[in-house]
Amino acid sequence: MSIQKISQNYTTRILKNKTLLKGLEKISDHGTTFTASTSLLMSLTVRPLAIFSTPDTEKENKQYAAANSICSGLIKFGMVEAIALPIETAVKKINQNPKRFLNSKTIHNLSNNTEGLAKSRSYNLITQIIKLSAGFITAIPKSILTIALIPVLMDKMFFRNKKSSGENIQNQQQAASNKQNSINFTGTMSNKIAKGISKIVNNEKIQNFAKKYETKDKDIAKHITAGTDILLTSSFAYQTSKSKDIKENRKKALIYNNLIATGITIIGGYGIDNIIKNKTGKFIDKFKQIHATDPKLNKYIEGINILRPAIIFAAVYYGILPIFSTYMAEKIDKFVEKQNNKNTLTN
């Protein structure tokens, strides 16, 4: 048997691996959860380590940047899960029993003739956007809570004197957390959410939009992630500038750090993702051929399209950039401050 033949057989076995397929299906069903979990892991470990490894940077700027990373990861995961899990459960209910939630006209319009909703790219595009929207919806509240908790974490981690305002914020957050945990998403609640989502899917304008852009489904996770990051960073910058609990001389460096990291992540993430997507085109084609008769093929592909950008953006933002953005943020902050001092003396 030739080496090429052995390699092809080995690749086929990997692509048929049940664990791989189950994992891709889970990512498809819980795309927002997967993205938030990846961000949480990286924000608690890789990013703080990278920040503290930054050379020629003031210690307190590193501490603020690390506290921001940890707070951001924890709050993002908690808030996204509070919204994402009920939405994902509701979408799954619609998938399992579409006739109960969707009208016959919608099912016919999105079913691609006789293939059914499970293989409908337009239907899957709609539900994918709905599931991934949890991150976008929570972006502004997340930035507000992150800014509120940074001083608290600075007190806890770096043994600073606690302020009464910080204690109040912590108590408020704990109360909000307890209230959130008391919510029980029962079957009745899940059905109500499913009915609300079904109204979106039943909308003819939404259906027409999905059918028009259904071939762009492989990029939707990337676009939503980028849009969420832009909204989150903009809100974070505004909230930081208004915060009374973050030191004035640390605000600009913290804002610059986030702006640099987000800007380079989006540009670099898109570039790397496009390269990888082009390089893996044959892999996807082979995957489709192997699983052509599998009714879950669309779920597997959706899982791949969520997995790829999530890993790339996380690797760039949490692994590659922190040292550069932390270093550059301080340099820019000092440069701007120096220029302002010159202008003040001149005037």
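For the structure, check the block above.
These numbers were taken from a predicted model, which means no experiment stands behind them.

Caption draft 1: Spotlight on the overall build of the protein. Scanning the protein from terminus to terminus reveals 17 helices and zero strands. The burial tally for the protein puts 45% of its 347 residues in the buried class. Once local pairs closer than 6 in sequence are excluded, the contacts in the protein between residues at least 24 apart make up 82%. Approximately 18700 Å² of the protein is accessible, and the part contributed by carbon and sulfur atoms is 59%.

Caption draft 2: Representation of unusual backbone geometry in the model. Positive phi, normally seen in glycine, also occurs at Asp 56, with a value near 55°. Structurally, the position occupied by Asp 56 is in the loop between helix 4 (46–52) and helix 5 (59–96).

Caption draft 3: Quick peek at empty space enclosed by the protein. Scanning the model with the defined rule gives four cavities of 30 Å³ or more in all. By volume, the largest cavity amounts to about 610 Å³. Taken together, 38 residues form the lining of the largest cavity, with Ser 39, Lys 76, Asp 229, Leu 232 and Tyr 318 sitting closest to its centre. Secondary-structure elements contributing two or more residues to the lining of the largest cavity are helix 3 (31–44), helix 5, helix 8 (121–137), helix 9 (139–158), helix 13 (220–242), helix 14 (248–279) and helix 16 (297–320).

Caption draft 4: View of the nonpolar core. Ranked by size, the top nonpolar core spans 23 residues in total, and within it Ile 94, Leu 102, Tyr 123, Ile 197 and Val 201 carry the most contacts. Sorting the residues of this core by element identifies helix 5, helix 7 (104–110), helix 8, helix 11 (187–202) and helix 13 as the ones contributing at least two each. At five residues, helix 8 tops the list of elements feeding residues into this core. Within the second largest apolar cluster, 15 residues are counted, among which are Cys 71, Leu 149, Phe 236 and Leu 254.

The rules we used
- Residues numbered from 1 in each chain as written.
- Predicted model: local features only at pLDDT ≥ 70, side-chain atom pairs only at ≥ 80, totals over all residues.
- Heavy atoms only, no water.
- Helix = DSSP H or I, 4+ residues; strand = E, 2+ residues; numbered from the N terminus.
- Buried < 20%, exposed > 50% of the residue type's maximum accessible area, 1.4 Å probe, protein only.
- Contact = heavy atoms within 4.5 Å.
- Areas by Shrake-Rupley, 256 points an atom, 1.4 Å probe, with all protein chains shown as cover.
- 1 Å grid on protein atoms, 1.4 Å probe; cavity = no way out; pocket = protein on both sides within 12 Å on 5 of 7 lines; lining within 4 Å.
- Points joined across faces, edges and corners; volume = space filled by probe spheres on them.
- Core = buried A, V, L, I, M, F, W, Y, C linked by side-chain atoms within 4.5 Å.

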